[in-house]
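Observations on chain architecture
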Amino acid sequence: MSATPVKFYQVGSFAVGNRLLDPELRSAQSEQDRANSLTSGHRACQGCGEALGARYVLDAAMRASGGRMVTVNATGCLEVFSTPFPETSWRVAWLHSLFGNAPAVATGVAAGLRATGKQDVRVVAQGGDGATVDIGFACLSGMFERNDDVLAVCYDNGGYMNTGVQRSGATPPAARTMTTQAVGEHPGNAFGQGKDVPRIAMAHEIPYVATATVADLRDLEAKVEKAMGMHGARYLHVLVPCPLGWGSAAKDTVRIARLATESGYFPVFEAERGEVTSVRPIRHQVPVEEYLALQNRYAHLFSPVRRDDVIDRLQAMADRNIARYGLLEEAHS
């Protein structure tokens, strides 16, 4: 796996930073001189997983690149809450693209840097799942096919949250959105739709693909640093819970992301050239119901009539992930 296991002494194994460690082992977030790529003053909702994910990813990327980095940001929640004209919360070289062309714009930036002899300046394209999984999918696939020297990052909150919580290609089955209401015999989003973009990225056999969540900072940072140390097309898919769209408490953002991985519903792994190279094993397995119960977008599965048939199907999806990626600890002992 990317991150070397570290024993934490201060507040348990889920601490963000630990200043008892040697400096070279500390997280970027624990450094006093961290980049603060996304700084205070933005308009994100309380508990926003995307704001947290973007800061974690770009601070790690800035550290890995020595501050020589350009970021291309697709239209979406992250762009809207961080840059209300004429203000900005970004402290990096940052470009705003259209909703669907961030990978293409990033490719152009990388080509321009290469043409001017600035190959040491790295390029990151970032956006939400709407910009990545749906509207920008063709541009992303083209970037993969050309093996352009760009790290593409998807902050996956499972819907178009900026425009009122509509379904996206990353919205999970049975989830309620404004366009997949909890009505009828099959309430919420339909099963069998959407895209598993990390696996699609693997099918392109690009140098590096990884998944991560905001619940495991050290794993996320290690994957960013590994990706920034490589060249060619790379893809990082980060689960970022959205309290507004998911109907969850702001204080539960990290907890929900952790339950997504500990239930197997969101597998955390790395792949190179189309082959899985490492997984983040489940440490304390929980039923998927614990993950669902904290989110009002699944409230119709529990009341007024409990839908064990739907919950069982979601559990089966988690079980399939566990088997497919070998996520249980005993598989790695």
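What you see is a predicted model; the values in this text were computed from it and never measured.

With respect to the overall build of the protein chain
A tally of helices and strands in the protein chain yields eleven helices and eight strands. Scaling as 2.2 N^0.38, a compact globule of 333 residues should have a C-alpha radius of gyration of about 20 Å, and the protein chain matches this with 19 Å. Each principal axis of the C-alpha distribution contributes one length, and for the protein chain these read about 65 × 45 × 40 Å. Put simply, the protein chain has 333 residues, and 53% of those count as buried. Pairs at least 24 apart in sequence give 71% of the contacts found in the protein chain among residues at least 6 apart. Carbon together with sulfur atoms contributes 52% to the accessible area of the protein chain, which is approximately 14,500 Å² in total. Charge centroids of the protein chain, computed over 33 positive and 35 negative side chains, lie 3 Å from each other.

What about the pairing of strand E1 (residues 69–73)?
In terms of residue burial, E1 counts as a mostly covered element, since five of its five residues are buried. Here E1 runs beside strand E3 (residues 122–128); their pairing, made up of five bridges, is parallel. The partner of Val 70 across the bridge, within E3, is Val 123. Bridging between E1 and strand E2 (residues 93–96) involves four bridges; their strand directions are parallel. Bridge assignment links Thr 71 to a residue of E2, and that residue is Trp 94.

Side note on the UniProt feature "domain: Thiamine pyrophosphate enzyme TPP-binding" (unreviewed entry) in the protein chain
Per the UniProt record, "domain: Thiamine pyrophosphate enzyme TPP-binding" (unreviewed entry) is found at residues 75–238. When the span residues 75–238 is considered, its composition is 34% helix and 17% strand, and the gap between its end C-alpha atoms is 17 Å.

With respect to the sheet that holds strand E7 (residues 269–272)
One open sheet accounts for eight strands, arranged E2-E1-E3-E4-E6-E5-E7-E8; its pairing is mixed. The sheet terminates laterally at E2 and strand E8 (275–279), the two strands that pair on one side only. Each strand of the sheet is rotated relative to its neighbour by a mean of 20 degrees, with strand direction disregarded. The sheet strands contacting helix H5 (residues 137–146) are strand E4 (151–156) and strand E6 (234–239), and the helix crosses E6 at an angle near 140 degrees. Packed on one face of the sheet, helix H7 (residues 217–228) meets E1, E3, E4, strand E5 (208–213), E6 and E7 and runs near 160 degrees to E5.

Cut-offs applied
- Residues numbered from 1 in each chain as written.
- Predicted model: local features only at pLDDT ≥ 70, side-chain atom pairs only at ≥ 80, totals over all residues.
- Heavy atoms only, no water.
- Helix = DSSP H or I, 4+ residues; strand = E, 2+ residues; numbered from the N terminus.
- Rg over C-alpha atoms; globule rule 2.2 N^0.38 Å.
- Buried < 20%, exposed > 50% of the residue type's maximum accessible area, 1.4 Å probe, protein only.
- Contact = heavy atoms within 4.5 Å.
- Areas by Shrake-Rupley, 256 points an atom, 1.4 Å probe, with all protein chains shown as cover.
- Lys, Arg positive; Asp, Glu negative; His and termini not counted.
- Charge placed at Lys NZ, Arg CZ, Asp CG, Glu CD.
- Pairing = 2+ DSSP bridges.
- UniProt positions renumbered as here; feature names shortened; annotations may be inferred.
- Axes fitted to C-alpha atoms, helices over the stretch in contact; angles between N-to-C directions.

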